[in-house]
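Spelled out, the chains give:
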Amino acid sequence: MYQEPIFNVSCFPRKKKNNVIELQVFVSQHFFNNLNEDEQLGIIGHEIAHFLFDHFRFPAHDIINTPF
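These lines cover the structure that appears in this document, whether it is placed above or below. Note that the structure is predicted; figures quoted are calculated from it, not measured.

Reading the values: rules and limits
Residues numbered from 1 in each chain as written. Predicted model: local features only at pLDDT ≥ 70, side-chain atom pairs only at ≥ 80, totals over all residues. Heavy atoms only, no water. Helix = DSSP H or I, 4+ residues; strand = E, 2+ residues; numbered from the N terminus. Rg over C-alpha atoms; globule rule 2.2 N^0.38 Å. Salt bridge = Lys/Arg side-chain N within 4 Å of Asp/Glu carboxyl O. Buried < 20%, exposed > 50% of the residue type's maximum accessible area, 1.4 Å probe, protein only.

Next up on the list: the overall build of the chain. Scanning the chain from N- to C-terminus turns up three helices and two strands. Each helix and strand of the chain, ordered N terminal to C terminal, gives the series β-β-α-α-α. In summary, the chain has a C-alpha radius of gyration of 14 Å against a globular reference of 11 Å for 68 residues, an excess of more than 25%. Referenced to the eigenvectors of the C-alpha coordinate spread, the extents of the chain come out at roughly 40 × 35 × 20 Å.

Below, the structure is given as structure tokens:
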């Protein structure tokens, strides 16, 4: 949890010393202040899904800027 003037949630994979990759989820204080428990669970589930579906190996910037 961290202080930020707006609601924000993000997640990042982190490789530990034993080469195990863990997911770190960062939430701003407003996550707890402004959302009920069901909303919090839905958002955390969404962040976990990014990790489970390996979305981190796709560079978002390249995907967004690729013409269809």
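Another point: the pattern of salt bridges. Throughout the structure, instances matching the rule amount to two salt bridges. Arg 14 is the salt-bridge partner of Glu 22, the closest N and O atoms lying 3.0 Å from each other. The exposure class of Glu 22 is partly exposed, given its relative accessible area of 24%. Note on Arg 14: relative accessible area 41%, which makes it partly exposed. With a closest N to O distance of 3.8 Å, Lys 16 and Glu 22 form a salt bridge. Using a relative accessible area of 36% as the deciding quantity, one classes Lys 16 as partly exposed. When salt bridges that share partners are traced, they join Arg 14, Lys 16 and Glu 22 into one network.

In short, the description is geometric, and any link to function would need to be established separately.
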